[in-house]
Protein chains: 2
Amino acid sequence: MPVKIAVDAAGGDHYPNHPVQGAIDAVNADGDLHILLVGPEPLVSETLREKGYDGDRISVIEAPEVIGMEDSVGAIKTKPNSSIMVGLGLHAKGHCDAFVSAGHTGVLLAASAVVLGRLPGVMRPTISSVYPTVKGFRLMVDVGANLEVKPEMLLQFAIMGEVYAATEMGIHNPRVGLLNVGEEEEKGTETIRAAHALLKSRPNFVGNIEGRDILGGHADVYVCDGLVGNLILKFGESIPEAMQQLIGAAIATQGLAAEQVKPVMGVLKQAFAPFDYQAVGGVPFLGVNGVSFVGHGGSSPLAIQNMIMRAASMVSNHVNEKIVAALA
Amino acid sequence: MPVKIAVDAAGGDHYPNHPVQGAIDAVNADGDLHILLVGPEPLVSETLREKGYDGDRISVIEAPEVIGMEDSVGAIKTKPNSSIMVGLGLHAKGHCDAFVSAGHTGVLLAASAVVLGRLPGVMRPTISSVYPTVKGFRLMVDVGANLEVKPEMLLQFAIMGEVYAATEMGIHNPRVGLLNVGEEEEKGTETIRAAHALLKSRPNFVGNIEGRDILGGHADVYVCDGLVGNLILKFGESIPEAMQQLIGAAIATQGLAAEQVKPVMGVLKQAFAPFDYQAVGGVPFLGVNGVSFVGHGGSSPLAIQNMIMRAASMVSNHVNEKIVAALA
């Protein structure tokens, strides 16, 4: 089935280069994919030419305004001709099936909610993120969209997360866990205790998950407020660099020879691979009436390509229809 | 200066063995230390004899009731003759300078607050914890005592943490950072934004700290609510085991020879050393009118010994007087 994805060609630290290259790699990898590159037309068209793309599955859509990291959420009003607003507008009008961007997360979330609206029954759209564990990737929701939550919102995060994990991550009958300070159901804030009571009626709820059980993959969908999720997500992303520093210091102290260092590095490279965001590409806003993904500002072409593929998969698998059915 | 510490001989997973051994090792290491071992007297005395201790710097105090992990905070009422209540009572009456325990954290916190009371000016006692970073140990406060906080409480956590880090951790002029979802001061919940405004007037406040900057040691005292702190503390503690699993899998996949594996293990052992809780021993309740430490339930004798030493240091360095002065 042909899928058409709008890609923000003016988002992230390396535009237009990385979004354009990611788009080219995506259409080369998937023959059903059509891409609308949204951004300042002369710049984007020239980049596309420079890279030697001459096919007909990538079009350029003019959007002269650029939203940078220094912009605030107010940009959704003050920059109506930005790539984010034009791209989401195309999606809302049905001219494409999804929008992906490595741009300003806060602006993207607000713009997605405003331009696309919410799915029926959804209290608040949320950002989820895949999370590396020793058992492979799991899902964490929310990771920063909703810093303060109601118990019913946490229940909805769980349900939306379940649908995404089952449909897009290949996790059969995903187990839901509630991040908390202890395993006992009376632990936690009033909000968390009330959410626990709501979640308890669901057969796949495995209870509270403590901090020490996250990396072990003790649940498939970790439910939390956006403050906790954002801190733990970014903390997890920082593990490889911190460990590499500590390991580098240990190698220096122990005076290892070059032939001893080589296997150490080979092993570490493989062990840290699950923490590489490029494999994931980007994360979806769940609960909006459309498919909208956001990636790291520093996204490589490979990360952009993977984000495009994931958005296409979410479209093909009718994830939003499944979410609406699950919430009903 | 002689210091007398009451040690919970009926707390933790390995009582009376580990507390008794830790106490013996502590008095052997520090000639100024006197210890009161608080617990079921016949059992504790016999353990002391079995271990061959025949000095006069350890006494046994009878406390027949045992508070286990299955107990609730209500045990502070229903078990007045427990080691926790008897030990803290001795401290409150001035018969010793501190109380340390590897027992039930929730009970210990409540009992410390009730039996010892608060230091003048303190809104809420807090649990802080040292936290491993690539720059060495830093302090995180709160890590579970106060799940819901007011901005003024976060300010007090910062001030108490500063005093502890400067006095007990040898960190000159400690930098304070506020855990948050972004660096900008308008980020975060209403409570966090208000705390940011309060902290801004302090010269050593370095602003918001994101999850990715915790392991890098971007501040010396990380301030947060107890839900965030508890989850991040336990998450951090789980890193070595998770990495060992991932690294073990990588070694197996790559089919390394024994002589290649050995340097890998040597390097990892050193790199993970900062994450070993035994070196820390235990963490203080700050803000109570006394010195009260809690250690891991699984504390080894070495961990108990280190907790005793840290409590003695906090007494000798007059940390509480400094906290009162700093809050005034």
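Predicted model, so just to flag it, every value in this text is computed and none were measured.

(A) View of the overall build of chain A. Looking only at helices and strands, one finds twelve helices and eleven strands in chain A. Computed over its C-alpha atoms, the radius of gyration of chain A comes to 21 Å, within 12% of the 20 Å expected for a compact globule of 328 residues. C-alpha extents for chain A along the principal axes are approximately 60 × 60 × 40 Å. Out of the 328 residues belonging to chain A, those deemed buried represent 56%. Across chain A, contacts joining residues at least 24 apart in sequence account for 71% of those joining residues at least 6 apart.

(B) The interface of chain A and chain B, seen in detail. Between chain A and chain B, the residue contacts involve 42 residues of the former and 42 residues of the latter. Among the secondary structure elements, those contributing two or more residues to the side of chain A that touches chain B are helix H8 (226-254) and helix H9 (258-272) of chain A. Element by element, the count of residues in the side of chain A that touches chain B is highest for H8(A), at 20 residues. When the residues that make up the side of chain A that touches chain B are grouped by side-chain class, the tally is 24 nonpolar, 13 polar and five charged.

(C) Representation of the domain arrangement of chain A within the structure. All names here are of chain A. Considered domain by domain, chain A is made up of domain 1 (1-122 + 287-328) and domain 2 (128-276). Each of domain 1 and domain 2 was reduced to a C-alpha centroid, and the two centroids are 26 Å apart. On the side of domain 2, eight residues touch domain 1, which itself brings eleven residues to the contact. Put simply, the parts of the chain that give the side of domain 1 that touches domain 2 at least two residues each are helix H11 (301-316) and helix H12 (319-327). In terms of residue count, H12 provides more of the side of domain 1 that touches domain 2 than any other element does, five residues in total. The residue inventory of the side of domain 1 that touches domain 2, partitioned by class, reads seven nonpolar, three polar and one charged.

(D) Broad picture of the pairing of strand E6 (residues 136-141) of chain B. Residue and element names in this part refer to chain B. Sheet topology note: the strand E5 (residues 126-133)/E6 ladder contains six bridges and is antiparallel. Its bridge partner being in E6, Thr-133 is matched across the sheet by Gly-136. Pairing analysis gives three bridges linking E6 to strand E9 (residues 221-223), with the strands arranged parallel. The partner of Leu-139 across the bridge, within E9, is Val-221.

(E) Structural context of the relation of the copies chain A and chain B. Expressed as a screw transformation, the operator carrying chain A onto chain B has a rotation angle of 180° and an axial translation of 0.0 Å, and the superposed copies differ by an RMSD of 0.0 Å. The superposition of one copy onto the other is thereby described by a two-fold rotation axis.

(F) Representation of the sheet that holds strand E4 (residues 98-101) of chain A within the structure. Residues and elements named next belong to chain A. Pairing is mixed in the open sheet, where eleven strands are placed in the order E3-E2-E1-E4-E11-E10-E5-E6-E9-E7-E8. One side of each edge strand has no neighbouring strand; the edge strands of this open sheet are strand E3 (58-62) and strand E8 (205-209). On average, each strand axis in the sheet is tilted by 30° relative to the strand beside it, whichever way the strands run. Relative to strand E2 (residues 33-39), strand E1 (residues 3-8) runs parallel, the two being bridged by six bridges. Following the sheet pairing, Asp-8 is matched in E2 by Val-38. In the packing of helix H4 (residues 83-92) onto the sheet, the strands contacted are E1, E2, E3, E4 and strand E11 (292-294), and the crossing angle to E1 comes to about 165°.

(G) Just helix H8 (residues 226-237) of chain B, in detail. When the terminal C-alpha atoms of H8(B) are compared, their 16 Å separation across twelve residues agrees well with the 16 Å that a helix rising 1.5 Å per residue should span. By the criterion of burial, H8(B) is predominantly enclosed, with ten of the twelve residues buried. Regarding H8(B), the residues found buried are Gly226(B), Leu227(B), Val228(B), Gly229(B), Asn230(B), Leu231(B), Ile232(B), Leu233(B), Phe235(B) and Gly236(B). Of the surrounding secondary structure, the elements contacted by the buried residues of H8(B) are strand E7 (176-179) and H8 of chain A together with E5, E6, strand E7 (176-179) and helix H9 (239-254) of chain B.

(H) Broad picture of the nonpolar core. By size, the foremost hydrophobic cluster in this structure holds 228 residues, and its most contacted members are Ile5(A), Leu37(A), Ile5(B) and Leu37(B). Tallying contributions element by element places H8(A) first for this core, with twelve residues. Excluding its chain neighbours within four sequence positions, the residues that come into contact with Ile5(B) are Leu33(B), Ile35(B), Cys96(B), Asp97(B), Ala98(B), Val100(B), Ile308(B), Ala311(B) and Ala312(B).

(I) Geometry of the environment of Gly182(A). Residues and elements named next belong to chain A. Here Gly-182 is to be found in the loop between E7 and helix H7 (190-199). Classification of Gly-182 by C-beta neighbours within 10 Å gives partly exposed; the count is 15. Sequence separation between Gly-182 and Ile-209 is 27 residues; the distance between their C-alpha atoms is 7.2 Å. Residues in contact with Gly-182, not counting those within four places in the same chain, are Lys-187, Asn-208 and Glu-210.

(J) Inspection of the packing of helix H6 (residues 151-168) of chain A against H7(A) at higher detail. Residues and elements named next belong to chain A. Between H6 and H7, whose axes approach to 8 Å, the crossing angle comes to 50°. Here H6 is positioned oblique relative to H7, judged by the angle of their axes. In this structure, H6 crosses over H7, and the sense of that crossing is right-handed. When H6 is examined against H7, the residues Pro-151, Glu-152, Leu-154, Leu-155 and Ala-158 are found in contact with a partner set consisting of Thr-191, Ala-194, Ala-195, Leu-198 and Leu-199. Residues of the contact of H6 with H7, tallied by class, amount to eight nonpolar, one polar and one charged.

(K) Geometry of the sheet that holds strand E8 (residues 205-209) of chain B. Residue and element names in this part refer to chain B. With mixed pairing, the eleven strands of this open sheet are ordered in space as E3-E2-E1-E4-E11-E10-E5-E6-E9-E7-E8. The open sheet is flanked by strand E3 (58-62) and E8, the only strands paired with a single partner. Along the sheet, successive strands turn relative to each other by an average axial angle of 30°, direction set aside. Pairing analysis gives three bridges linking strand E4 (residues 98-101) to strand E11 (residues 292-294), with the strands arranged parallel. Among the inter-strand pairings, Phe-99 is bridged to a residue of E11, identified as Ser-292. Against the sheet, helix H4 (residues 83-92) contacts strand E1 (3-8), strand E2 (33-39), E3, E4 and E11, and its axis sits at roughly 165° relative to E1.

(L) Up close: the packing of H4(B) against helix H5 (residues 105-116) of chain B. All names here are of chain B. The contact between H4 and H5 brings their axes to 10 Å, and the two run at 30°. Regarding H4 and H5, the two cross each other, and that crossing is right-handed. Contacts from Ile-84, Met-85, Leu-88, Gly-89, His-91 and Ala-92 of H4 reach H5 at Val-107, Leu-108, Ala-111, Ser-112, Val-115 and Leu-116.

(M) Spatial organisation of the pairing of E8(B). Residues and elements named next belong to chain B. When E7 meets E8, the two strands line up parallel, connected through four bridges. Within E8, the residue paired with Leu-178 across the bridge is Asn-208. Taken together, E7, helix H7 (residues 190-199) and E8 form a β-α-β motif whose crossover is right-handed.

(N) Inspection of the environment of Val7(A) at higher detail. Residues and elements named next belong to chain A. For Val-7, the position within the fold is in strand E1. Sequence separation between Val-7 and Thr-78 is 71 residues, and the spatial gap between their C-alpha atoms is 21 Å. When sequence neighbours within four positions are dropped, the list of residues in contact with Val-7 reads Pro-19, Ala-23, Ile-35, Leu-36, Leu-37, Val-38, Val-100 and Ile-308.

Thresholds applied
Residues numbered from 1 in each chain as written. Chains lettered and ligands numbered in written order. Predicted model: local features only at pLDDT ≥ 70, side-chain atom pairs only at ≥ 80, totals over all residues. Helix = DSSP H or I, 4+ residues; strand = E, 2+ residues; numbered from the N terminus. Rg over C-alpha atoms; globule rule 2.2 N^0.38 Å. Buried ≥ 20, exposed ≤ 12 C-beta atoms within 10 Å, placed from the backbone. Contact = placed C-beta atoms within 7 Å. Nonpolar A, V, L, I, M, F, W, Y, C, P; charged D, E, K, R; others polar. Domains from an automatic or database assignment. Pairing = 2+ DSSP bridges. Least-squares fit on C-alpha atoms with pLDDT ≥ 70 in both. Axes fitted to C-alpha atoms, helices over the stretch in contact; angles between N-to-C directions. Expected span 1.5 Å × (residues − 1). Core = buried A, V, L, I, M, F, W, Y, C linked by C-beta atoms within 7 Å. Parallel < 35°, antiparallel > 145°, perpendicular 65-115°, else oblique. Left-handed = near helix turned anticlockwise from the far one by under 90°. Right-handed = clockwise from strand over helix to strand, strands pointing away.

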